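Read off the chains here:
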Amino acid sequence: MAAGLQVFGQPASTDVARVLTCLFEKNLEFELIRIDNFKKEHKLPEFIKLRDPTGQVTFKHGDKTIVDSRAICRYLCTEFPEDGNRTIYGTGSLERASIEQWLQAEAQSFDAPSSELVFHLAFAPQLNMAPDEARIVENEKKLQQMLTVYNEILAKNRFLAGDEFTLADLSHLPNSHYIVSSPRGKKLFTSKKHVARWYDAISSRQSWKQVVKMQSEHPGSFE
């Protein structure tokens, strides 16, 4: 039984959204403590003991504090293997290795260009900032290259690491969601048949719908 799970941040944050989705998949109870990163409220004294060197609090369980969203998801799956979705982190060493390979690909190759597009296509307009067209074009090309590889894999598998939804897929949801929320970004996904089918499947999961609902009810920095 999970006890004392706390998430610090706003549901609008892609890192927080990743963790929330995993918590919902694992059907774990938790407390969300909203912190507005743009206003830097997370630097208030009561949070000092919980933060990493950048001052960003993410997750606390008892006396354990973890600040990387992917590490938090791994922790939840290994600490609570029998709760909720039991196959989300694989059921054997081979499956786990495949999931890890995709988690690394997402963190090392997908995250950087997709994060740039999230900022310029989704966040910048809401912050009254002019999108940087050159940066958008540059990162569209990088993401297209990644999605071409994904499309080839997804032509053979329902999901990235096989025929079951896993952390490999979940980790892609937050950035992808913001990208497809813009007509320009959506084309990157809909132009590839198998990627489009995959994104429709993972974004339709109840766990993700709960996070999107939280984002719309508590937009955080954009309120």
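Rules of the game
- Residues numbered from 1 in each chain as written.
- Predicted model: local features only at pLDDT ≥ 70, side-chain atom pairs only at ≥ 80, totals over all residues.
- Heavy atoms only, no water.
- Pairing = 2+ DSSP bridges.
- Helix = DSSP H or I, 4+ residues; strand = E, 2+ residues; numbered from the N terminus.
- Axes fitted to C-alpha atoms, helices over the stretch in contact; angles between N-to-C directions.
- Contact = heavy atoms within 4.5 Å.
- Parallel < 35°, antiparallel > 145°, perpendicular 65-115°, else oblique.
- Left-handed = near helix turned anticlockwise from the far one by under 90°.
- Phe/Tyr/Trp six-rings, centres within 6.5 Å; stacked < 30°, edge-to-face > 60°.
- Buried < 20%, exposed > 50% of the residue type's maximum accessible area, 1.4 Å probe, protein only.
- Lys NZ or Arg CZ within 6 Å of the ring centre and 35° of its normal.
- Nonpolar A, V, L, I, M, F, W, Y, C, P; charged D, E, K, R; others polar.

Asker: Any chance you could break down the sheet that holds strand β3 (residues 59-61) for me, citing the residues and the numbers?
Answerer: Ordered by their spatial adjacency, four strands build an open sheet running β2-β1-β3-β4, and the pairing between neighbours is mixed. Each having just a single partner strand, β2 (31-33) and β4 (64-66) make up the two edges of the open sheet. Strand-to-strand twist of the sheet, defined as the mean angle between neighbouring strand axes without regard to direction, takes the value 20°. Two elements, strand β1 (residues 5-8) and β2, share three bridges in a ladder whose sense is parallel. Among the inter-strand pairings, F8 is bridged to a residue of β2, identified as I33. This element, helix α2 (residues 69-79), spans β1, β3 and β4 of the sheet and lies at about 25° to β3.

Asker: So what's going on with the packing of helix α1 (residues 14-25) against helix α9 (residues 206-217)? Residues and values would help.
Answerer: Interhelical geometry of α1 versus α9 gives an angle of 135° and a closest axis separation of 8 Å. Classified by the angle between their axes, α1 and α9 sit oblique to one another. Where α1 crosses over α9, the two elements pack in a sense that is right-handed. In this structure, α1 contributes A17, L20, T21, F24 and E25 to the contact, and α9 contributes S207, W208, Q210, V211, M214 and Q215.

Asker: An account of the packing of aromatic side chains is needed here, citing residue identities and associated values.
Answerer: Here the structure, examined in full by the defined rule, presents eight aromatic pairs. The interplanar angle of 80° and the centroid separation of 4.9 Å between the aromatic rings of F123 and Y178 together place this pair among those described as edge-to-face. Of this pair, F123 sits in helix α3 (residues 93-126) while Y178 sits in helix α6 (residues 173-180), and the two are 55 residues apart along the sequence. No difference in accessibility class separates F123 from Y178, as the two residues are buried. Measuring from ring centre to ring centre gives 5.6 Å for F189 and Y199, while their planes differ by 55°; the resulting arrangement is tilted. Pair noted here: F189 is in helix α7 (residues 183-190) and Y199 is in helix α8 (residues 193-203), with a separation of 10 residues, a long-range link. The two residues F189 and Y199 agree in class, both being buried. Among the aromatic residues, those joined into a ring-pair cluster are W102, F110, Y150 and W198. Above the ring of Y89, the side-chain terminus of R96 is found at 3.8 Å from the ring centroid. For the cation-ring pair, R205 lies above F165, with the distance from its terminal atom to the ring centre recorded as 4.0 Å.

Asker: I'd like a rundown of the packing of α6 against α8, residues and numbers included.
Answerer: Interhelical geometry of α6 versus α8 gives an angle of 110° and a closest axis separation of 11 Å. Viewed along their axes, α6 and α8 adopt a mutual orientation that is roughly perpendicular. Considering the relative orientation of α6 and α8, their crossing is left-handed. Contacts from L173, S176, H177 and V180 in α6 reach Y199, I202 and S203 in α8. Class assignment of the residues belonging to the contact of α6 with α8 gives a composition of four nonpolar, three polar and no charged.

Asker: Break down unusual backbone geometry for me, citing the residues and quoting the values.
Answerer: Phi is positive for N27, close to 55°, though the residue is something other than glycine. Tracing the sequence through the fold places N27 in the loop between α1 and β2. Residue class for N27 comes out exposed when judged on its relative accessible area of 62%. The phi torsion at N128 lies on the positive side, around 60°, for a residue other than glycine. Looking at N128, the relative accessible area reads 73%, which means it is exposed.

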